[in-house]
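Residue-level listing of the chains:
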Amino acid sequence: MSGPIAVVGAGPAGALLSIYLARQGHHVIVYESRADLRRADVDAGRSINLALATRGIVPLNDVGLIDRVDSITIPMRGRMIHAVGDPTPDLQPYGNQPHEVIHSVSRRDLNAFLLDAAEATGRVTIRFDARLETVDFDRSLLQFADGIEEPFEVVYGADGAGSRVRAAIAERGACEYETEWLDHSYKELTLPPNVDGGHRLDPNALHS
Ligand SMILES: Cc1cc2nc3c(=O)[nH]c(=O)nc-3n(C[C@H](O)[C@H](O)[C@H](O)COP(=O)(O)OP(=O)(O)OC[C@H]3O[C@@H](n4cnc5c(N)ncnc54)[C@H](O)[C@@H]3O)c2cc1C
């Protein structure tokens, strides 16, 4: 392979993918529209924690990050339903056995661990503040919002739900996709801790 492998998006998927590509001996450039979340006060998308299950644990184990991640997870044994008008929440367990839990983890910390591991391979370069506008497949160029163009030989789109890479592929007629918008929005609430610093809600559940 002569040209660079490009990955667009340094979220969990893009960072992990770059580690796997580096392990195969490839040199990878990852383009991320945000600033480096390890150095700047930028959000990592939604602040809501991710819930790690087997499909996330297996690759983290594979790339040697599971112990680091494990130290910052909280097991959740089920979904706690708070029904309107019912003062007693109802726990819906995720499994039948005590070990059948999923693990709450900070999205930002998980992403930071993956970025560290990608750079530690020595084969991954991450370019932050690089917002892809579109892909020119005829000239094999990535076109960025600031007007810069970068060559690629292979490009992977890991740029999330509103992927520009996917849109560029669809524009060529190579795939079709449909976006269906929800009729509600996303809201973040902050529940401050108790005066003694403890949790106000059971920390071992996902509350709905
Ligand atoms: C409210 C909410 C709760 C969720 N809870 C869970 C959960 O508990 N467990 C779970 O497994 N999943 C959960 N998900 C889904 C989870 O967030 C996604 O599966 C995961 O973030 C996908 O990772 P990703 O790397 O593919 O995309 P993203 O996390 O979206 O990362 C995409 C990256 O690409 C960058 N990017 C975007 N556009 C461009 C561009 N044009 N140029 C360059 N870079 C770009 C973004 O800045 C971002 O860093 C949740 C999602 C939401 C919205």
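Residues numbered from 1 in each chain as written. Predicted model: local features only at pLDDT ≥ 70, side-chain atom pairs only at ≥ 80, totals over all residues. Heavy atoms only, no water.

**Q** Describe the packing of aromatic side chains, naming the residues involved and giving the relevant values.
**A** Following the criterion strictly, the structure yields two aromatic pairs and no others. For the pair Tyr31 and Phe144, a centre-to-centre distance of 4.8 Å together with 45 degrees between the ring planes defines the contact as tilted. Remark: Phe144 occurs in strand β10 (residues 141–144) and Tyr31 occurs in strand β2 (residues 28–31); sequence separation between them is 113 residues. Using a relative accessible area of 6% as the deciding quantity, one classes Phe144 as buried. (Phe/Tyr/Trp six-rings, centres within 6.5 Å; stacked < 30°, edge-to-face > 60°. Helix = DSSP H or I, 4+ residues; strand = E, 2+ residues; numbered from the N terminus. Buried < 20%, exposed > 50% of the residue type's maximum accessible area, 1.4 Å probe, protein only.)

**Q** How would you sum up the environment of His184? Please name residues and give values.
**A** With respect to the helices, strands and loops of the structure, His184 is situated in the loop between α5 (164–171) and β13 (206–207). C-alpha separation for the pair His184 and Val154, spaced 30 residues apart in sequence, amounts to 37 Å.

**Q** Before we move on, can you summarise the sheet that holds β10 with the specific residues and values?
**A** Taken in spatial order, the three strands of this open sheet run β9-β10-β11, and their pairing is antiparallel. Where the open sheet ends on each side, the last strands, each with one partner, are β9 (132–136) and β11 (149–151). Put simply, the sheet's adjacent strands are angled 25 degrees from each other on average, direction ignored. Here β9 runs beside β10; their pairing, made up of four bridges, is antiparallel. The residue bridging Val135 from the neighbouring strand is Leu142, located in β10. (Pairing = 2+ DSSP bridges. Axes fitted to C-alpha atoms, helices over the stretch in contact; angles between N-to-C directions.)

**Q** So what's going on with the site of the ligand? Which residues, and what values?
**A** If you check the shell around the ligand, you find 24 residues, and the closest are Ala13, Glu32, Ala51, Arg107 and Leu132. Within the backbone of Pro12, one N or O atom sits 3.3 Å away from an oxygen atom of the ligand. Within the backbone of Ala13, one N or O atom sits 2.9 Å away from an oxygen atom of the ligand. When isolated, the ligand has an accessible area of 980 Å², and the protein chains bury 68% of it. The residue inventory of the shell around the ligand, partitioned by class, reads 11 nonpolar, five polar and eight charged. (Near = heavy atom within 4 Å. Polar contact = N/O pair within 3.5 Å; in protein donor to acceptor, adjacent residues only side chain to side chain. Areas by Shrake-Rupley, 256 points an atom, 1.4 Å probe, with all protein chains shown as cover. Nonpolar A, V, L, I, M, F, W, Y, C, P; charged D, E, K, R; others polar.)

**Q** I'd like a description of α5, backed by residues and values.
**A** Taken residue by residue, α5 has Val165, Ala167 and Ala168 as its buried positions. Along the axis of α5, the buried residues cluster in a sector spanning 160 degrees; they form a single face. Packing partners of the buried residues in α5 comprise β1 (5–8), β9 and β12 (154–157). The backbone nitrogen of Val165 lies 3.3 Å from a side-chain oxygen of the residue at the head of α5, namely Ser163. Just downstream of α5, Gly173 is the residue with a positive phi angle, here 80 degrees. (Arc of directions from axis to C-beta. Contact = heavy atoms within 4.5 Å.)

**Q** How would you sum up the sheet that holds β13? Please name residues and give values.
**A** In space, the three strands of this open sheet follow the order β6-β5-β13, with mixed pairing throughout. Each of the sheet's edge strands pairs with one partner strand only, and the pair in question is β6 (90–93) and β13. Two elements, strand β5 (residues 78–81) and β6, share four bridges in a ladder whose sense is antiparallel. Each residue of the ladder has a partner; that of Met80, found in β6, is Leu91.

Read these as layout, nothing more, since geometry by itself doesn't imply function.
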